[in-house]
Amino acid sequence: MTRYSIVGCSLLLGIVACGGDDRSGRALGESASEGETHATTGESADGSTSDDGESADGDSSEGGDDETGDGSGLCTQANVDIVLEPPTPQVMVLLDKSNSMNAQWDHDADPSTPNVPRWTSLYHVVEHLLMQFEHTTEFGSLLFPAADAWLDEPTNAWSCLVSDQPEVAVGAANAQAILDSIPPATGFSISGGTPAVAAFRTALDHLMALPNEQPKAIVLVTDGAANCSEEEAPGDTLFAYDARLPQIVEDAYTQQQIPTYVVGIDIRDFMGSKPAVNTHHSLSEVALAGGVPRQGGDPYYNSVNQIELTDALDTVLHQIECTVKLPEAPEHPDELRVDVDGNPVPQLANCSEGDGWAWSNPNGPHTHLELCGFACDALQDVGAVGVHYGCPD
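On a predicted model such as this, the values are computed, not experimentally measured, just so you know.

1. So, the confidence of the model for the protein chain
Stage number 1. Per-residue pLDDT for the protein chain averages 83, and the proportion of residues at 70 or more is 80%.
Stage number 2. Confidence over residues 1–71 falls short of pLDDT 50; this stretch has 113 contacts with residues more than four positions distant or in other chains.

2. Description of the packing of helix α1 (residues 118–133) against helix α6 (residues 306–321)
Stage number 1. Packing of α1 against α6 leaves a shortest axis separation of 10 Å and a crossing angle of 30°. Here α6 runs roughly parallel to α1, going by the angle between their axes. Of the two elements, α1 crosses α6, and the hand of that crossing is right-handed. Residues S121, L122, H124, V125, H128, L129, Q132 and F133 of α1 form the contact with α6, whose participating residues are Q306, L309, T310, L313, D314, L317, H318 and E321.
Stage number 2. Of the residues in the contact of α1 with α6, the class split is seven nonpolar, seven polar and two charged.

3. A word on the sheet that holds strand β8 (residues 216–222)
Stage number 1. A sheet is described by the order of its strands in space; here five strands give the open sequence β7-β6-β3-β8-β9, paired in mixed fashion. Where the open sheet ends on each side, the last strands, each with one partner, are β7 (168–171) and β9 (260–264). Strand-to-strand twist across the sheet, computed as the mean angle between neighbouring axes with direction ignored, equals 20°.
Stage number 2. As defined by bridge partners, strand β6 (residues 138–144) adjoins β7 across two bridges and the pair is classed as antiparallel. Paired with S141 across the bridge in β7 is V168.
Stage number 3. The strands that α6 touches are β3 (90–96), β6, β8 and β9; relative to β9, the one it contacts most, it runs at about 170°.

4. Remarks on the pairing of β8
The side chains of a regular strand alternate between both faces of the sheet.
Stage number 1. Burial analysis of β8 places seven of its seven residues in the buried class, which makes it a mostly covered element.
Stage number 2. Burial along β8 is two-sided: the residues K216, I218, L220 and T222 and A217, V219 and V221 are all buried.
Stage number 3. Pairing between β8 and β9: five bridges, direction parallel. By the bridge assignment, V221 is partnered in β9 with V263.
Stage number 4. What joins β8 to β9 is helix α4 (residues 245–256), and the crossover it makes is right-handed.

Definitions and limits used
Residues numbered from 1 in each chain as written. Predicted model: local features only at pLDDT ≥ 70, side-chain atom pairs only at ≥ 80, totals over all residues. Heavy atoms only, no water. pLDDT = per-residue confidence, 0-100. Contact = heavy atoms within 4.5 Å. Axes fitted to C-alpha atoms, helices over the stretch in contact; angles between N-to-C directions. Helix = DSSP H or I, 4+ residues; strand = E, 2+ residues; numbered from the N terminus. Parallel < 35°, antiparallel > 145°, perpendicular 65-115°, else oblique. Left-handed = near helix turned anticlockwise from the far one by under 90°. Nonpolar A, V, L, I, M, F, W, Y, C, P; charged D, E, K, R; others polar. Pairing = 2+ DSSP bridges. Buried < 20%, exposed > 50% of the residue type's maximum accessible area, 1.4 Å probe, protein only. Right-handed = clockwise from strand over helix to strand, strands pointing away.

Encoded structure:
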């Protein structure tokens, strides 16, 4: 849970006034069994009470507008101001090391220069960006399949091998450790299927086991759709799409509030054979399930050369460090207001519109918001963002 302090609340329709700085880490709506409540039965703003549910001026609360939709008639988040101090995000990066990463591509969008393997480009992009972001983000990494995997047909125990622990655990300033754990840019030997489900499970288990409450995310970088399901026969596992991936990605977001960003490498919109699925459609489904789809165009971040791959991952990592996890989803998302260093930040449909803030997932759940442009830069300078929960008039 993101650390926050409540700097001001208003009494409205029975809401208890909040005190000063609250570093307890309790979300806005957690159970009153911990000794704190949001509302007191029949208590008005001036402290008078009524046992029969009437307000201090004698008006019955029955039959009034139900602003929450839960039948209580109360909006429990009226005029709640919170200062959020987002801690360092923790990110697991899943890197596709399947056999197809040997394929050549026009890495520099220049037909006059020799093509290079996709893996060579991925190594250089990871090297550049992890060195750039390692001081603001804690990274861990996992290859899928593992470094020791090798492809055989029909598949054997090594074709879809994935470690049950990250090659590099999430930690600070470990860019070099990650580079040391993956095949080099040249002179490499990579092989295997695309066991994305097993890799995702390992990454999720690792993030959930970390002994802190820093915001967490998964970045999935791949050039193909998931296969290698252990539920398939050995002769079929490379050819059958592992359709479990979107659901486990969605569960991570909706149940654990861990979003997944999907970055594609040279993804094309046609039916493949290993596995037999349209990779564009399958990755679109995974990206939507991850809760933080790319806004505008395809829901995943595709790239057809190293330049675009650098831009895609740079966008994702900037988005992660400027994403704020709310302590509680607002009852009325349209009433949320945001400021940085006391300056109001306008709401945008998405960050492509410029400077402001936008919901990470406009369709909900509204648990994460992203600061865009100058607002993102200001957050990095100030280290805190103000959030105002409100209710309709």
